[in-house]
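Listed below are the residues making up each chain.
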Amino acid sequence: MAFGVRAFGAAGVFSATLAAALHMAASPATARPVTVLTPELPPMMTADGTGREASIITETLAACGHEARFKVVPFGRHWNDFRDGAQVDAVTTVPAGMEMPGARSAPYILYQNGASVLKSSGLTVKSLADLAGKRVITFSGAPDVLPGLRDAIPSFGDFRERADQMVHSNLLFAGRVDAVLADGLIFAEYNRQLQDKAKAGGGLPFDPAQPVQFTAIFPPTPYSMVFRDESLRGDFDRCLAELKGRGRIDAIDKAAVARYSATVGDQYLSLR
């Protein structure tokens, strides 16, 4: 055996060592299931762990050899549970500036928040100033996410925050609020669910098929993930960059937006 090594030569040993080192460098951190705490926000994330956001996270982790396992909870609870030490590896949908223990990833998704009104109202919303005196509803925590909202609240005729965004659509179609401030795809998905309920004889006290107008009055909102393990965060960032470079993230986004084009038109991000 010693004779074999000498015959192989120093150059051969060096080549074998280099090949092994390169293989290790190209491999991700030890592949394993990754439990991810995430809010239920269809069509971004559904109760069964599918949707636009789910696809981005699942494919990014898979590109690094990891398997995403989603733990879906009500919006807002995901942040609190993670801070309280939930036995998970990561939390999703963390806005810039929010304090969260762990290693923050690069932004992996952009939400496009805006104002949605009934077309029959004749209301044109180009900025928050156009909502002065109006009844406005938005998602829980929106004043910390949407630029200028907190300062504008005193100008509204009424202002509410509700974590359950199905309530937003209900109140708009019922004429009990004038505008919904929320992500256009999420708003459109809850409208679709109400329309399906009406078609199935759900007995709604309003018409969920009323035409609506969505206007992107806010800049896109970037969200990151936060990992407990810094090496997992490194894997995620690296593989996310690779998928972006191949155009895969854009493809997921465009497919998601296309399903709701009747509501969001050309207002969702720069996607058409």
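Computed from a predicted structure; not experimentally measured. (Residues numbered from 1 in each chain as written. Predicted model: local features only at pLDDT ≥ 70, side-chain atom pairs only at ≥ 80, totals over all residues. Heavy atoms only, no water.)

Enquirer: Describe the confidence of the model for the protein, listing the residues and the values that go with them.
Expert: Confidence in the prediction of the protein, expressed as mean pLDDT, is 90, and 88% of residues score 70 or more. Here residues 1-28 is modelled with pLDDT under 50, and outside its nearest four sequence neighbours on either side it reaches 5 contacts, counting other chains as well. (pLDDT = per-residue confidence, 0-100. Contact = heavy atoms within 4.5 Å.)

Enquirer: An account of the pattern of salt bridges is requested, with residue identities and associated values reported.
Expert: One pass over the structure, following the stated rule, counts 13 salt bridges. As a salt-bridge pair, aspartate 144 and arginine 150 come within 2.5 Å of each other at their nearest N and O atoms. A salt bridge links arginine 238 to aspartate 235; the nearest nitrogen and oxygen atoms lie 2.9 Å apart. Of this pair, arginine 238 and aspartate 235 both sit in helix H7 (residues 230-245), 3 residues apart, roughly one helical turn. Using a relative accessible area of 3% as the deciding quantity, one classes aspartate 235 as buried. (Salt bridge = Lys/Arg side-chain N within 4 Å of Asp/Glu carboxyl O. Helix = DSSP H or I, 4+ residues; strand = E, 2+ residues; numbered from the N terminus. Buried < 20%, exposed > 50% of the residue type's maximum accessible area, 1.4 Å probe, protein only.)

Enquirer: Which residues make up the packing of helix H2 (residues 52-63) against H7, and what values go with them?
Expert: Running from N to C, H2 and H7 point in directions that differ by 105°, and their axes come no closer than 8 Å. With respect to H7, the axis of H2 lies roughly perpendicular. Contacts between H2 and H7 involve Ile56, Ile57, Glu59, Thr60, Leu61 and Ala63 on the former and, on the latter, Phe236, Cys239, Leu240 and Leu243. In terms of residue class, the contact of H2 with H7 is made up of 8 nonpolar, 1 polar and 1 charged. (Axes fitted to C-alpha atoms, helices over the stretch in contact; angles between N-to-C directions. Parallel < 35°, antiparallel > 145°, perpendicular 65-115°, else oblique. Nonpolar A, V, L, I, M, F, W, Y, C, P; charged D, E, K, R; others polar.)

Enquirer: Quick one: what's the story with the packing of H2 against helix H8 (residues 248-258), residue by residue and with numbers?
Expert: As a packed pair, H2 and H8 sit with axes 10 Å apart at the nearest point and diverge in direction by 160°. In terms of orientation, H2 and H8 fall into the roughly antiparallel class. Read as a crossing pair, H2 and H8 show a hand that is right-handed. Contacts from Arg52, Ser55, Ile56, Glu59 and Thr60 in H2 reach Arg248, Ile249, Ile252, Asp253 and Ala256 in H8. Looking at the contact of H2 with H8 residue by residue, the class counts come to 4 nonpolar, 2 polar and 4 charged. (Left-handed = near helix turned anticlockwise from the far one by under 90°.)

Enquirer: Break down the pairing of strand S2 (residues 67-73) for me, citing the residues and quoting the values.
Expert: When strand S1 (residues 33-39) meets S2, the two strands line up parallel, connected through 7 bridges. Bridging across to S2, valine 36 finds its partner in phenylalanine 70. With respect to chirality, the unit in which S1 leads through H2 into the neighbouring parallel S2 is right-handed. (Pairing = 2+ DSSP bridges. Right-handed = clockwise from strand over helix to strand, strands pointing away.)

Enquirer: Summarise the nonpolar core; cite the residues concerned and give the values.
Expert: In terms of nonpolar packing, the biggest core is built from 75 residues, with Leu128, Leu131 and Leu181 touching the most fellow members. Broken down by element, this core gets its largest block of residues, 6 residues, from helix H6 (residues 184-199). Filtering out sequence-adjacent residues up to four positions away, leucine 181 remains in contact with Gly114, Ala115, Leu128, Leu131, Val136, Ile137, Thr138, Phe139, Leu146, Leu149, Ile217 and Phe218. (Core = buried A, V, L, I, M, F, W, Y, C linked by side-chain atoms within 4.5 Å.)

Enquirer: Any chance you could break down the sheet that holds strand S8 (residues 158-161) for me, citing the residues and the numbers?
Expert: One open sheet accounts for 5 strands, arranged S8-S7-S9-S6-S10; its pairing is mixed. Sheet topology places S8 and strand S10 (212-215) at the edges, where each strand pairs with a single neighbour. Looking at each pair of strands side by side, their axes are set apart by 20° on average, direction ignored. Pairing of strand S6 (residues 113-118) with S10, which is carried by 4 bridges, proceeds in the antiparallel orientation. Its bridge partner being in S10, leucine 118 is matched across the sheet by valine 212.

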